[in-house]
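So the chains spell out like this:
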There are 2 protein chains.
Amino acid sequence: MSIPVPSNCMSIDDLSIGMRKEKTYTIEHEDAVQFSKMSGDWNPAHHDEDYAAQSIFKQRVAHGMFSVIQFSGILGMDLPGLGTLWLKQSVEFLRPAFFGNQYRAVVEVLAINKENNTVTFSTECFDQEGNKIITGEAVVKPIPAKLKAKTN
Amino acid sequence: MSIPVPSNCMSIDDLSIGMRKEKTYTIEHEDAVQFSKMSGDWNPAHHDEDYAAQSIFKQRVAHGMFSVIQFSGILGMDLPGLGTLWLKQSVEFLRPAFFGNQYRAVVEVLAINKENNTVTFSTECFDQEGNKIITGEAVVKPIPAKLKAKTN
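Residues numbered from 1 in each chain as written. Chains lettered and ligands numbered in written order. Predicted model: local features only at pLDDT ≥ 70, side-chain atom pairs only at ≥ 80, totals over all residues. Heavy atoms only, no water.

## With respect to the relation of the copies chain A and chain B
Each copy superposes on the other: chain A lies on chain B with an RMSD of 0.0 Å after a rotation of 180 degrees and an axial shift of 0.0 Å. Expressed as a symmetry operation, the mapping of one chain copy onto the other fits a two-fold axis. Identified as the residue of chain A closest to the rotation axis by C-alpha distance is A:Ser90, at 2.1 Å. Same-surface contact between copies: 100% of interface residues of chain A are shared with the interface of chain B. (Least-squares fit on C-alpha atoms with pLDDT ≥ 70 in both. Contact = heavy atoms within 4.5 Å.)

Here it is as structure tokens:
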């Protein structure tokens, strides 16, 4: 298997407030099956069309955390990228995500603390109409500048 | 495919402070491959043994969010179970999780707000030695009591 490589490896010196990265993603029901296998969450809201038709969302919904794990992809691969340690994440689920629709995960640098080498990002997801479905913040430790210098 | 069914369906009237539920889980490298496919996070810390040997953890580590999604399983299936809406989650990654080890995810009722039908849980994971690797809190909306009565 050929493994995708990170596009970036940014230390805190490479980051500035307002830098952002986004990715689009869709969620198919097959993804929810995989997610259920890994998490143990087989709630029929994700799998049973008859049950879901009676729910407040009127159809099956994706697991909320499926959107949140997209931030893992952006933070670990692109911004800041290689060497990033994820320290904290807060998340609020505002609206459901449905199968087959296109969503957008966006991270943006909110605050930089050079003293303890931590960076705070806003972490948000949007649906096709631009409605925010997820909001929250991440705190990460980018690769230490000294370590990056040694890696290059 | 036979789909596991929730073990509980508790409304706020069925919950009390201190109620808890735990599950054990392990993470194999194959799980990390699936997780990378879904999240886009192919960071070599999870996949490349040579790279990981040079890292601060000295070996490959699981994605931190893999532990967090175990809470999805407990909250959606067991406590409170069927009909639960996950509103918020906070998480702090304290230590890494390694492949093949056994971990324990634990949720416990911290606060109950009957006025707006929300319940706050502590959400924590521990390693085999009892060290806390994940800490945080979840806020959920259990199935409304009226809806549960109609379902029975």
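Next, the rest of the story.
## Here we look at the nonpolar core
Ranked by size, the top nonpolar core spans 72 residues in total, and within it A:Met65, A:Phe71, A:Phe121, B:Met65, B:Phe71 and B:Phe121 carry the most contacts. Those residues in contact with A:Met65, other than ones at most four positions away along the chain, are A:Phe35, A:Val91, A:Phe93, B:Met65, B:Val68, B:Ile69, B:Trp86 and B:Gln89. (Core = buried A, V, L, I, M, F, W, Y, C linked by side-chain atoms within 4.5 Å. Buried < 20%, exposed > 50% of the residue type's maximum accessible area, 1.4 Å probe, protein only.)

## Focus on the interface of chain A and chain B
In this assembly, 42 residues from chain A lie in contact with 42 residues from chain B. Surface buried jointly by chain A and chain B totals about 3,400 Å² across both partners, of which 69% is contributed by carbon and sulfur atoms. When residues of chain A are sorted by the area they lose upon contact with chain B, A:Met38, A:Trp42 and A:Met65 head the list and together hold 19% of the total. The interface formed by chain A and chain B holds 12 residue pairs in polar contact (both at pLDDT 80 or more) in total. Among the secondary structure elements, those contributing two or more residues to the side of chain A that touches chain B are helix H1 (29–39), helix H2 (44–47), helix H4 (64–77) and strand E2 (85–93) of chain A. For the side of chain A that touches chain B, the per-class residue count stands at 23 nonpolar, 14 polar and 5 charged. As paired strands, E2(A) and strand E2 (residues 85–93) of chain B are joined by 5 bridges and run antiparallel to one another. For A:Val91, the partnering residue across the bridge sits in E2(B) and is B:Gln89. (Buried area = accessible area lost by both parts, 1.4 Å probe. Polar contact = N/O pair within 3.5 Å; in protein donor to acceptor, adjacent residues only side chain to side chain. Helix = DSSP H or I, 4+ residues; strand = E, 2+ residues; numbered from the N terminus. Nonpolar A, V, L, I, M, F, W, Y, C, P; charged D, E, K, R; others polar. Pairing = 2+ DSSP bridges.)

## A word on the UniProt feature "domain: MaoC-like" (unreviewed entry) in chain A
In this structure's numbering, the residues bearing the UniProt feature "domain: MaoC-like" (unreviewed entry) are residues 20–118 of chain A. Regarding residues 20–118 of chain A, the helix share stands at 34% and the strand share at 29%, and the terminal C-alpha atoms are separated by 16 Å. (UniProt positions renumbered as here; feature names shortened; annotations may be inferred.)

## Things to note about the packing of aromatic side chains
With the rule as written, the count across this model stands at 6 aromatic pairs over all chains. With a centroid separation of 5.4 Å and 40 degrees between ring planes, the pair formed by A:Phe93 and B:Trp86 is classed as tilted. Residue A:Phe93 is located in strand E2, and its partner B:Trp86 is located in strand E2; the two belong to separate chains. Assessed through its relative accessible area of 13%, A:Phe93 is described here as buried. (Phe/Tyr/Trp six-rings, centres within 6.5 Å; stacked < 30°, edge-to-face > 60°.)

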